[in-house]
Amino acid sequence: MAHDSEIAALIETGAQFHARGWSLATSSNYSIRLSAGPLRLLITASGKDKGRLTPADFVIVGDDGKALDPAHPRPSAETLLHVVAAKRAEVGAVLHTHSVWNTLLSDRHARDGALTIAGFEMLKALDGVATHEASVRIPIFENTQDIPALAREVSAALDDPARPLRHGYLIRGHGLYTWGRDLAEARRHVEGLEFLFEVVGRGR
């Protein structure tokens, strides 16, 4: 499959996120965009322990979310959620985590349709946020096993001219999706948001 450096970076990401309690058991999935035209994504395979990933636990998919090589393992069931984000020019990597705090807050604030966070210095970890006085809105989508339908909802929100998705979103009782221009920025967004979720959760 090659792409050794990208695979090594995602293996390291999985080990660190597992150690921090953000990607336990076989939860979570991670991807790096290899090319934009045609879209090619390197993504974790389905059902893999993210704390013990190996080079055999990855698959390359196209813009339909399906493996390009039938000999590769089955991609994550949520691959289309990566695809709709990675179609945006500014997205080079997508990360999905299942922490205690993002799960609890996504459920508690689901009726509001979003979790709004303001006034914390760690907001500056997010791209384009320059002051703690900022207010960041993280939309919350209802959980569903119908991933194509959820992907259409997310895609529409990403393209919403009035209030487009910018830093990530939550799925109720499920977890966080965020992204970045590259893996380093996506990881920074995970770290910043997970810190903020815990601060908000503990504060309430």
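Structure: above.
Residues numbered from 1 in each chain as written. Predicted model: local features only at pLDDT ≥ 70, side-chain atom pairs only at ≥ 80, totals over all residues. Heavy atoms only, no water.

What follows concerns the side chain of threonine 97. Mapping threonine 97 onto the fold places it in strand S4 (residues 93-97). On the accessibility criterion, threonine 97 (0% relative accessible area) is buried. Here the side chain of threonine 97 touches glutamate 194 through a polar contact of 2.8 Å, side chain to side chain. When near neighbours in sequence (up to four residues on either side) are disregarded, threonine 97 contacts Phe17, Trp22, Ser23, Ser28, Asn102, His174, Gly175, Leu176, Val190 and Glu194. (Helix = DSSP H or I, 4+ residues; strand = E, 2+ residues; numbered from the N terminus. Buried < 20%, exposed > 50% of the residue type's maximum accessible area, 1.4 Å probe, protein only. Polar contact = N/O pair within 3.5 Å; in protein donor to acceptor, adjacent residues only side chain to side chain. Contact = heavy atoms within 4.5 Å.)

One can find valine 129 in the loop between strand S5 (114-118) and strand S6 (135-141). Separated by 16 residues in sequence, valine 129 and glycine 113 have C-alpha atoms that sit 22 Å apart. The contacts of valine 129, once residues within four sequence positions are left out, are Leu123, Lys124, Ala134, Val136 and His167.

Residues Gly168 and Leu170 line one face of strand S7 (residues 168-171) and the alternating positions Tyr169 and Ile171 line the opposite face, and both faces are buried. As paired elements, S6 and S7 share two bridges and run parallel to each other. Across the sheet, phenylalanine 141 pairs through a bridge with isoleucine 171, a residue of S7. The β-α-β motif built from S6, the intervening helix H4 (residues 147-158) and the parallel element S7 has right-handed crossover chirality. As paired elements, S7 and strand S8 (residues 175-180) share four bridges and run antiparallel to each other. Its bridge partner lying in S8, isoleucine 171 is registered against glycine 175. Counting the residues that bridge the hairpin from S7 to S8 gives three residues, and of these glycine 173 lies at a positive phi of roughly 65°. (Pairing = 2+ DSSP bridges. Right-handed = clockwise from strand over helix to strand, strands pointing away.)

Turning our attention to the sheet that holds S4. In spatial order, the strands read S3-S2-S1-S4-S8-S7-S6-S5; together these eight strands make up an open sheet with mixed pairing. Single-partner strands in this sheet number two, and they are strand S3 (58-61) and S5. The mean angle between the axes of side-by-side strands here comes to 20°, regardless of whether they run parallel or antiparallel. Docked against the sheet, helix H2 (residues 79-86) engages strand S1 (29-36), strand S2 (39-44), S3, S4, S7 and S8, running at close to 140° with respect to S2. Across the sheet, H4 is in contact with S6, S7 and S8; its angle to S6 comes to roughly 155°. (Axes fitted to C-alpha atoms, helices over the stretch in contact; angles between N-to-C directions.)

Attention shifts here to the pattern of salt bridges. Scanning the entire structure with this criterion turns up eleven salt bridges. Across the salt bridge formed by arginine 52 and aspartate 49, the nearest N and O atoms sit 2.9 Å from each other. A relative accessible area of 58% places arginine 52 in the exposed class. Assessed through its relative accessible area of 25%, aspartate 49 is described here as partly exposed. With its nearest N and O atoms 3.3 Å apart, the salt bridge here joins aspartate 127 to arginine 181. (Salt bridge = Lys/Arg side-chain N within 4 Å of Asp/Glu carboxyl O.)

Interpretation note: all reported values are geometric properties and have no functional meaning in isolation.
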